[in-house]
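# Structural description and commentary
So you can see what is in the structure, the chains are spelled out below.
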Amino acid sequence: MLTAAEGLGVWLQLSEQVIVQVILVMIVFMSVNLGISIGLLLLYMLSVRRAERAREASAAGTGLNEALESLRSEVAGIKEAVSKVSLEPVLERLTSVESRITALESRTALLERRLARPAEMPAVQRPLARKPPEAAVPSIAKLSEISLVFPDVKYAGIITSQGYVVESYGVCSEEPAKLLEIARMYGTSSASIMRGRSRIEIFYLGDVKDLSNYGILEFTDGAEISEEVVDAAKKAINKYFMSTIVSK
């Protein structure tokens, strides 16, 4: 009986140890399961969060693309509207306004000057100055008489366009035909040449029998001779040419 009791005690001790070990194993197993469950839960929550962020990012990207597309459409519309606007009427209007401002400034300045002037006495009407009667053109019976009217004349001649001397007085410092070529070279019907102190005048007289005729005058002191004397001598030669040579 004592042996049976001892055996029962040993069995009880062994059972307790086994129970404790089983309990420990169960606790460890439950802990492991709990840890795995918690890990899986965390992984699930993380996956859900990432999926939500991905959806939000996708939605935000779609909204941004839509906003950019709308902005592009508005910019295109503005460009089209600006291209249709013509600035020419505006510029013309501005030019007109500037012209009016300039005219107004000029009138204002003129008015200021008038106001700044002292009162003027009424203008006294003066008799118009009469031009002195032109001196009569002297008449000569022959070309040599030119020196009697104009002592400064050294040479006087009438020459055709072909270089033929019709009539002359005195000695010219240049060959008359060469002087005529000078006038032709410059393409003019009259020319004035200075040779030292002498002054030579070449001028057109008129046509006789389809030939043009020119007058040549040389003055001894060309620097001192007045234009009035030169002009009067030319008129005297012209009058002689028309009354004597043309009438022949």
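Owing to the predicted nature of the structure, the values given are computational and were not obtained by experimental measurement. Going along each chain's sequence as written, the residues are numbered from 1 onward. Where totals are concerned, whole chains, interfaces and linings use all residues; where local detail is concerned, this predicted model gives features only for residues with pLDDT of at least 70, and gives and counts side-chain atom pairs only at 80 or more. Water and hydrogen atoms play no part in the side-chain values, which are based on all heavy atoms of the structure.

A 1.4 Å probe rolled over the protein chains alone gives each residue an accessible area, and that area as a share of the maximum for its type sets the label: buried under 20%, exposed over 50%, partly exposed in between. Numbered from the N terminus, helices here are DSSP runs of H or I no shorter than four residues, and strands are runs of E no shorter than two. For helix 4 (residues 176-185), every residue scored as buried is listed here: Pro176, Leu179, Leu180 and Ala183. Buried positions in helix 4, seen along its axis, are confined to an arc of 100° and lie on one side of it. The exposed set on the far side of helix 4, more than 90 degrees from its buried face, consists of Lys178 and Met185. Residue Gly187 follows helix 4 closely and has a positive phi angle near 65°. Directions from the helix axis toward the C-beta atoms define the arc.

Attention shifts here to the sheet that holds strand 1 (residues 153-160). If DSSP finds at least two bridges between two strands, the strands pair. Sheet architecture is open: 5 strands sit in the order 2-1-5-4-3, paired in antiparallel fashion. The two strands at the open ends of the sheet, each matched to only one other strand, are strand 2 (165-170) and strand 3 (190-195). Averaged over all pairs of adjacent strands, the angle between strand axes in this sheet comes to 15°, irrespective of strand direction. Relative to strand 5 (residues 211-219), strand 1 runs antiparallel, the two being bridged by 7 bridges. Across the sheet, residue Tyr155 finds its bridge partner in strand 5, namely Glu218. In this analysis, two residues are considered to be in contact whenever any of their non-hydrogen atoms come within 4.5 Å of each other. Only the stretch in contact is used when fitting a helix axis, every axis being a line fitted to C-alpha atoms; angles between N-to-C directions are given from 0 to 180 degrees. Relative to the sheet, helix 4 contacts strand 1, strand 2, strand 3, strand 4 (198-208) and strand 5, its axis offset from that of strand 1 by approximately 70°.

What tends to happen in soluble globular proteins is that the nonpolar side chains get buried as a cluster. By nonpolar core is meant a set of buried Ala, Val, Leu, Ile, Met, Phe, Trp, Tyr and Cys residues that side-chain atoms within 4.5 Å join together. Residues Ile146, Val153, Ala156, Ile158, Leu217, Phe219 and Ile237 are the most contacted members of the largest nonpolar core, which totals 19 residues. Counting only elements with at least two residues in this core, the list comes to strand 1, strand 4, strand 5 and helix 5 (227-245). In terms of residue count, the dominant contributor to this core is helix 5 (7 residues). Setting aside residues no more than four positions away along its own chain, Ile158 makes contact with Leu143, Tyr164, Val165, Val166, Glu167, Leu205, Asn213, Tyr214, Ile237, Tyr240, Phe241 and Ile245.

Relative to the assigned elements, Ser198 resides in strand 4. Pairs of N or O atoms are called polar contacts if they sit within 3.5 Å, as long as, within protein, a hydrogen donor faces a hydrogen acceptor (for residues adjacent in sequence, only side-chain-to-side-chain pairs). There is a polar contact of 3.4 Å between the side chain of Ser198 and the side chain of Glu218. Residue contacts for Ser198: discarding those within four places in its chain leaves Ile193, Glu218, Phe219, Thr220 and Gly222.

Within a regular strand, side chains alternate between the sheet's two faces. For strand 5, the tally of buried residues reaches 7 of 9 residues, placing the bulk of the element in the interior. Pairing analysis gives 9 bridges linking strand 4 to strand 5, with the strands arranged antiparallel. When the bridges of strand 5 are listed, Asp207 appears paired with Ser212. The hairpin formed by strand 4 and strand 5 contains 2 residues between the paired strands, and Lys209 there has a positive phi angle of roughly 55°.

Turning to the packing of aromatic side chains, a few remarks are in order. Each aromatic pair joins two rings of Phe, Tyr and Trp (for Trp, the six-membered one) with centres within 6.5 Å, and gets the label stacked for planes under 30 degrees apart, edge-to-face for over 60, and tilted for any other angle. Under the counting rule described, the total for this entry stands at 1 aromatic pair. Consider the rings of Tyr204 and Tyr214, whose centres lie 5.6 Å apart with planes at 70°: the pair is edge-to-face. With Tyr204 in strand 4 and Tyr214 in strand 5, this residue pair connects regions lying 10 residues apart in the sequence.

When a carboxyl oxygen of Asp or Glu is within 4 Å of a side-chain nitrogen of Lys or Arg, the pair counts as a salt bridge. Summed over all chains, the structure comprises 8 salt bridges. For the salt bridge of Arg197 with Asp221, the shortest nitrogen-to-oxygen distance reads 2.8 Å. Here Arg197, found in the loop between strand 3 and strand 4, pairs with Asp221, found in the loop between strand 5 and helix 5; they are 24 residues apart in sequence, far enough to count as distant. On the accessibility criterion, Asp221 (22% relative accessible area) is partly exposed. For the salt bridge of Arg199 with Glu201, the shortest nitrogen-to-oxygen distance reads 2.7 Å. For Glu201, a relative accessible area of 3% gives the class buried.

On to helix 5, then. Taking 1.5 Å per residue as the helical rise, helix 5 with its 19 residues ought to reach 27 Å, and the 26 Å between its terminal C-alpha atoms agrees with that figure. Every buried residue of helix 5 is accounted for by Val230, Ala233, Ala236, Ile237, Tyr240, Phe241 and Ile245. End-on view of helix 5: buried residues confined to an arc of 135°, all on one side of the axis. Packed against the buried residues of helix 5 are helix 3 (146-149), strand 1, strand 2, strand 4 and strand 5. The length a helix should cover is 1.5 Å for every residue beyond the first.

Patch membership needs two things, relative accessible area over 30% and no salt bridge, and members are linked within 9 Å if like-charged or within 5 Å if nonpolar (Val, Leu, Ile, Met, Phe, Trp, Tyr). Methods summary: accessible areas were calculated by the Shrake-Rupley approach with a probe of 1.4 Å, and residue burial reflects only the protein chains presented. A cluster of nonpolar side chains, namely Leu34, Ile38, Leu41, Leu42 and Met45, defines an oily patch on the protein surface of about 500 Å² accessible area. Here Ile38 shows up in helix 1 (residues 2-84).

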